[in-house]
Amino acid sequence: MAKEIYDSMAMKRALTRMTYEIIEKNKGIDNLVLVGIKTRGIYLAKRIAARLKQLEGADVAVGELDISLYRDDRHVATTDQPVVKDAKLAVDITDKHVILVDDVLFTGRTIRAALDALMDKGRPKKINLAVLVDRGHRELPIRADFVGKNIPTSLNEQVAVYVEEVDGKDGIDLKDLTE
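Residues numbered from 1 in each chain as written. Predicted model: local features only at pLDDT ≥ 70, side-chain atom pairs only at ≥ 80, totals over all residues. Heavy atoms only, no water.

- Looking at an unreviewed UniProt entry, one finds the protein named Bifunctional protein PyrR, with Ligilactobacillus agilis DSM 20509 as its source organism.
- Entered under Catalytic activity (unreviewed entry) in the UniProt record, the comment concerning the protein runs "UMP + diphosphate = 5-phospho-alpha-D-ribose 1-diphosphate + uracil".
- Listed in UniProt under the heading Sequence similarities (unreviewed entry), the comment for the protein reads: "Belongs to the purine/pyrimidine phosphoribosyltransferase family. PyrR subfamily." (UniProt positions renumbered as here; feature names shortened; annotations may be inferred.)

What follows is the structure in structure tokens.
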């Protein structure tokens, strides 16, 4: 059975708060590039970019990373390391402030693969991590700089993030996998 953690309004408020934090920490949006991790991270990055445009009056480039094999949202762990299938970056990221955007931060392995991919594409001046949900259970020394919601979980729980563009609704549910 799933328990709703965030509805669409709470999710929108969290993304808005994260957007303000990004502006504050970056001292504006100069040299800023958002890179979303497929699938939901891309849509979250686009929403943050749209909010940045509303607040700051300028466009922020949004790139995409497609990482597969090992996904933190899979229920069965695998020994395979994450592999970047595709990287579509809107601009050269060299000397830019890159904000990597994902829906859920779990073990950190997906983020590590994303960092490797970014370094293969250029030499950013700085990389920050923005996640809608940090559920804990890190296996690598990776932490998010911008977090929508910290949701402490057990390993037999799953965090499900829904975005309108993919799922037809916005929200975050916590599912018990033992039920």
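### Looking at unusual backbone geometry
Consideration 1: In this model, K38 is joined to T39 through a cis peptide bond whose omega is 5°.
Consideration 2: Note that T39 resides in the loop between β2 (32-37) and α2 (40-56).
Consideration 3: A positive phi angle, close to 60°, is found at N31, a residue other than glycine.
Consideration 4: On the secondary structure map, N31 appears in the loop between α1 (8-26) and β2.
Consideration 5: Residue N31 is classed as partly exposed on the basis of its relative accessible area, which comes to 48%.
Consideration 6: At D95, a residue that is not glycine, the phi angle is positive and equals roughly 65°.
Consideration 7: Topologically, D95 is positioned in the loop between β4 (83-88) and β5 (97-105). (Helix = DSSP H or I, 4+ residues; strand = E, 2+ residues; numbered from the N terminus. Buried < 20%, exposed > 50% of the residue type's maximum accessible area, 1.4 Å probe, protein only.)

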